[in-house]
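Overview (structure and organization)
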Amino acid sequence: QVQLVASGGGSVQAGGSLRLSCAASGRTISSYGMGWFRQAPGQEREFVASITWSGGATYYADSVKGRFTISRDNAKNTVYLQMNSLKTEDTAAYFCAVGPPLGSTSSVDFGSWGQGTQVTVSS
């Protein structure tokens, strides 16, 4: 079973940046798409970004387009989420997950989940 460890979260002011990392172990993730999701207290988990197995295509929620960038380094078995121009509404626990090779925007397509890392954006 693949194990995912998300890190890089923290507290920043609006307009700041964070870079999240998702390190996989136990299994290689090079053949799978990867995704980032987030969940704020009292809200449903929502899609943020995903990337295909090769990194050749990426997908983003409208709310983060132009601000967030998902990338991967299969040699390091790691996926990243660069978050710029952070807004208070980006505050949430962020989770990475393993999904279909060609990517997806739906959480139901992702089967292995990391523990999450908290991102808090203050005004």
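Use the structure listed above.
Notes on the structure in this doc start here.

Here is what the cut-offs are and how they apply
Residues numbered from 1 in each chain as written. Predicted model: local features only at pLDDT ≥ 70, side-chain atom pairs only at ≥ 80, totals over all residues. Heavy atoms only, no water. Salt bridge = Lys/Arg side-chain N within 4 Å of Asp/Glu carboxyl O. Helix = DSSP H or I, 4+ residues; strand = E, 2+ residues; numbered from the N terminus. Buried < 20%, exposed > 50% of the residue type's maximum accessible area, 1.4 Å probe, protein only. Contact = heavy atoms within 4.5 Å. Polar contact = N/O pair within 3.5 Å; in protein donor to acceptor, adjacent residues only side chain to side chain.

1. What to know about the pattern of salt bridges
Applying the stated rule across the entire model yields four salt bridges. Between Arg38 and Asp90 there is a salt bridge; the shortest N-O distance is 2.9 Å. Of this pair, Arg38 sits in strand E4 (residues 33-39) while Asp90 sits in the loop between strand E8 (78-83) and strand E9 (92-99), placing them 52 residues apart in sequence. With respect to burial, Arg38 and Asp90 carry one shared label: buried. Note that Asp90 and Arg67 form a salt bridge whose closest N and O atoms lie 2.7 Å from each other. Within this pair, whereas Asp90 is found in the loop between E8 and E9, its partner Arg67 is found in the loop between strand E6 (58-60) and strand E7 (68-73), the two being separated by 23 residues in sequence. As far as the burial class goes, Asp90 and Arg67 line up, both buried.

2. A word on the environment of Thr88
Secondary-structure assignment places Thr88 in the loop between E8 and E9. Separated by 34 residues in the primary sequence, Thr88 and Ser122 place their C-alpha atoms 5.7 Å from one another. Thr88 has contacts with Val121, Ser122 and Ser123, leaving out every residue within four places of it along the chain. Side-chain polar atoms of Thr88 contact the side chain of Glu89, separated by 3.2 Å.

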